[in-house]
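The residues making up each chain are set out below.
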Amino acid sequence: MRWLRHACASLVLLTLVCSGLSAASPAPDFRLRDWLGHDWQREPVTFSLTAAQARQAKSGQALRGANGTAIPYQLIYGATAHDLRIAFQTDLPAYAVREFRLAPGTANRTTDLRIVETADAVELTNAQTGIRLAKTLAADRGPISAVRLPSGAWVGGSRVITKTPVTAYAVKILARGPVYAEVVCQAAFGPTATWSLRIRLYAGEPVVLIDEASAIDGPAVTFSLDLQRQLNPDTLLYRSGMSTGETYYGRNCTWTLAPGEVYRLEPWLRWQESMRQGNYFGLYHDGSDDLLAVAAREAGAWVDPSVPAEKRAWHRQSVQCDAQGVHLDFPLKVCRRKWMYMTLPAEPCLVEARDPKPNAASPLPYRYLIKYGHFPLDMVKEYVLEWDASAETHPRMLITKPMLERYLAPMQGHPYSMEKALQYARECIHVFLNQGGLPYGSAPHMQSRVVIEALMFADTALRDGEGTPEERQRLRAQLAFVGYAISRPEYWSPERGYAGTANMTTMVAAYRLAAGSLLSSHPRAADWRKAGMTELVR
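Within each chain, residue numbers correspond to sequence positions counted from 1 in written order. Reporting in this predicted model follows two pLDDT cut-offs: at least 70 for local features of residues, and 80 or more for side-chain atom pairs to be given and counted; totals over whole chains, interfaces and linings ignore these cut-offs and use all residues. The basis for every side-chain value is the complete set of non-hydrogen atoms in the structure, without hydrogens or water.

## Here's the deal with the environment of Ser 48
Logical step 1: Structurally, the position occupied by Ser 48 is in strand 2 (residues 40-48).
Logical step 2: With a relative accessible area of 49%, Ser 48 lands in the partly exposed category.
Logical step 3: Leaving out residues up to four positions away in the same chain, Ser 48 has contacts with Phe 30, Gln 53, Leu 84 and Arg 85.
Logical step 4: Here the side chain of Ser 48 touches Arg 85 through a polar contact of 2.6 Å, side chain to side chain. The helix count covers DSSP runs of H or I at least four residues long, the strand count covers runs of E at least two residues long, and both are numbered beginning at the N terminus. Per-residue accessibility, obtained with a 1.4 Å probe over protein chains only, is compared with the maximum for each type, and a residue is labelled buried under 20%, exposed over 50%, and partly exposed between these values. The contact criterion used is simple: two residues touch if any of their non-hydrogen atoms lie within 4.5 Å. Polar contacts here mean pairs of N or O atoms no more than 3.5 Å apart (in protein, one a potential hydrogen donor and the other a potential acceptor; neighbouring residues in sequence count only if both atoms are side-chain atoms).

Okay, here's the thing in structure tokens:
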């Protein structure tokens, strides 16, 4: 009987071990974490696949989140067989973690994305919007035939205005969903002049993303967006580009259309030039349920400093109201442009403009610009926000640790707490991710208080013994985000013409130098310090 007791004990032990192994969760294939306190909603993200993950995805396995629901995804094939990425959409609540796994089961391919191809056009649609693309360019017709509004009406269109004949034109479907559909329209004007539009539509989103590239160094060619047909707008929605006695930067306003210049669209606002000037505008007919907005994305892409200025297309475009109706003309030279349509119900877009108090909060269309044009989660997730900072010592910038201790010794309490530092960091994050008032990059000298306070308070709050490990990590992560945000060409780039006076350029250089000095162990710290110091000693 002793052998039986031993056998039973061994069986029980083996059962416990096996059950423990089965209960352990496998490592996630893909992981997202928010350190910024921002609520990300329906964000498209992409991840590179390992060879094993690629086999799973190609075999049609399911992608599952924490609740086990299968999430639609699609594969993005690169230049080589080993360059494969996965794309899907997800929410990421503030300070949350989201994990995803490829697992046995059937991939979910059901979304509202649709592609309809006829002899004359290709239509990309979802439940929110759509775009119709012409397969041929007859007369002066452009590639964009119409966009669809929430009501279902198809409006607008485009023209190509040139004395140079179009010698070739083709439309090719590059991606068919279920996460996004993408089409490229390519045209040639003679033997060397080329122009392409890459159009992307995501499932469930009221935006159409347009990426343009042209290499035209010869007779003038203009791509004109028709903003009149079937929309018949009579009112402009915009954020003020000037500060006056009656208004201030970023205030949400409306204006009744009149003949002449309606608005100046530019990817980086040159503030204090014109009231109706900036990186986004909306058009609607008073009493209509629909609003059509256009926004300039990713200002850094609009100007290539290596291209001589005389060959570039000017990056400020004028919206005009004349005998042709309302139209926006893009000159085609040697340039790139990234912009977007947004088709939205009018009422939610007008909340801030109709507020009886002056309101500079970002309106609904502008929040989509931030999401797709300034800080998409797919970009931010690539920022290094977690790293080994154990070798850092603080304070390290303006004062030393002994100096700080002598200063704090007689105080019962002190202002340089972790709580206060996190408050200032959140205010700084708000400047970039919410943009109440000035748009991203404009008038950075007016942000000096919030940026400098965030960096300087962090230097004292990161001293030994202050805050919990979680709080210290959060503070570092948020200020690393600030380091990335102030170092992009979309923020300040004199070589692109995105700059003001010399003292403003010096201020931005000081921001970059301070970020690199504070976060001395960050992988990008040396780059930030070098960029700042190079400008300061110029």
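## As for helix 8 (residues 418-433)
Logical step 1: For helix 8, which comprises 16 residues, the first-to-last C-alpha distance of 22 Å matches the rise-based estimate of 22 Å (1.5 Å per residue) to within 8%.
Logical step 2: Residues of helix 8 that are buried include every one of Met 418, Ala 421, Leu 422, Tyr 424, Ala 425, Cys 428, Ile 429, Phe 432 and Leu 433, and no others. In an axial view of helix 8, the angular spread of the buried residues amounts to 165°, which keeps them on one side of the axis.
Logical step 3: Positive backbone phi, at 55°, marks Gln 435, one or two positions downstream of helix 8. Here the expected span of a helix is defined as 1.5 Å times the quantity of residues minus one. By arc we mean the arc of the directions from the helix axis to the C-beta atoms, nothing more.

## Brief notes about the pattern of salt bridges
When the charged atoms of two side chains with opposite charge come close together, those side chains can pair.
Logical step 1: The term salt bridge refers to a pairing of a side-chain nitrogen on Lys or Arg with a carboxyl oxygen on Asp or Glu at a separation within 4 Å. Tallied over the entire structure, the rule returns 33 salt bridges.
Logical step 2: Between Asp 217 and Lys 311 there is a salt bridge whose closest N-O contact spans 2.6 Å. With Asp 217 in the loop between strand 16 (207-215) and strand 17 (221-226) and Lys 311 in the loop between helix 3 (299-302) and strand 24 (317-322), the pair connects residues that are 94 residues apart, well separated along the chain.
Logical step 3: Relative accessible area serves as the criterion here: at 30%, Lys 311 is assigned to the partly exposed category.
Logical step 4: Notably, a salt bridge pairs Arg 449 with Glu 427, separated by 3.8 Å at the nearest N-O pair. Of this pair, Arg 449 sits in helix 9 (residues 448-461) while Glu 427 sits in helix 8, and the two are 22 residues apart along the sequence.
Logical step 5: Through salt bridges that share partners, Asp 211, Arg 297, Glu 298 and Lys 338 make up one connected network.

## Focus: empty space enclosed by the protein
Logical step 1: Of the grid points, spaced at 1 Å and generated over the protein atoms alone, those admitting a 1.4 Å probe that cannot get out make up cavities, while open sets with protein on both sides within 12 Å along at least five of seven lines make up pockets; any residue with an atom within 4 Å of a point is treated as lining. Grid points are joined across faces, edges and corners, and a volume is the space filled by probe spheres set on the points. In total, this model carries three cavities of 30 Å³ or more according to the counting rule given.
Logical step 2: When its volume is computed, the largest cavity comes out at roughly 70 Å³.
Logical step 3: Every residue lining the largest cavity is counted, 13 residues in all, and those nearest its centre are Arg 239, Gly 278, Asn 279, Tyr 366 and Pro 439.
Logical step 4: The class makeup of the residues in the lining of the largest cavity is five nonpolar, seven polar and one charged. For this classification, the nonpolar set comprises Ala, Val, Leu, Ile, Met, Phe, Trp, Tyr, Cys and Pro, the charged set comprises Asp, Glu, Lys and Arg, and every other residue, Gly included, is treated as polar.

## Observations regarding the state of the cysteines
Logical step 1: Only a pair of cysteine sulfur atoms within 2.5 Å counts as a disulfide in this structure description. For the structure on display, the rule yields zero disulfides.
Logical step 2: Here Cys 335 stays unpaired: no disulfide links it, and the sulfur of Cys 185, its closest cysteine neighbor, is 16 Å away.
Logical step 3: What makes Cys 335 buried here is its relative accessible area of 11%.

## Details of the layout of surface pockets
Logical step 1: Of the volumes computed, that of the largest pocket is approximately 520 Å³.
Logical step 2: What lines the largest pocket is a set of 21 residues, and nearest its centre among them are Arg 200, Tyr 202, Arg 297, Glu 298 and Asp 378.
Logical step 3: Listing elements by their share of the lining of the largest pocket, those giving two or more residues are strand 2, strand 5 (84-92), strand 14 (180-189), strand 15 (193-202), strand 16 and helix 6 (377-380).
Logical step 4: Of the residues that constitute the lining of the largest pocket, the class distribution is 12 nonpolar, one polar and eight charged.
Logical step 5: Reported here for the second largest pocket is a volume of approximately 420 Å³.
Logical step 6: Secondary-structure elements contributing two or more residues to the lining of the second largest pocket are strand 2, helix 5 (364-374) and helix 8.
Logical step 7: Broken down by element, the residue count for the lining of the second largest pocket peaks at five residues, all from helix 5.
Logical step 8: Tallied by class, the residues present in the lining of the second largest pocket amount to seven nonpolar, six polar and six charged.

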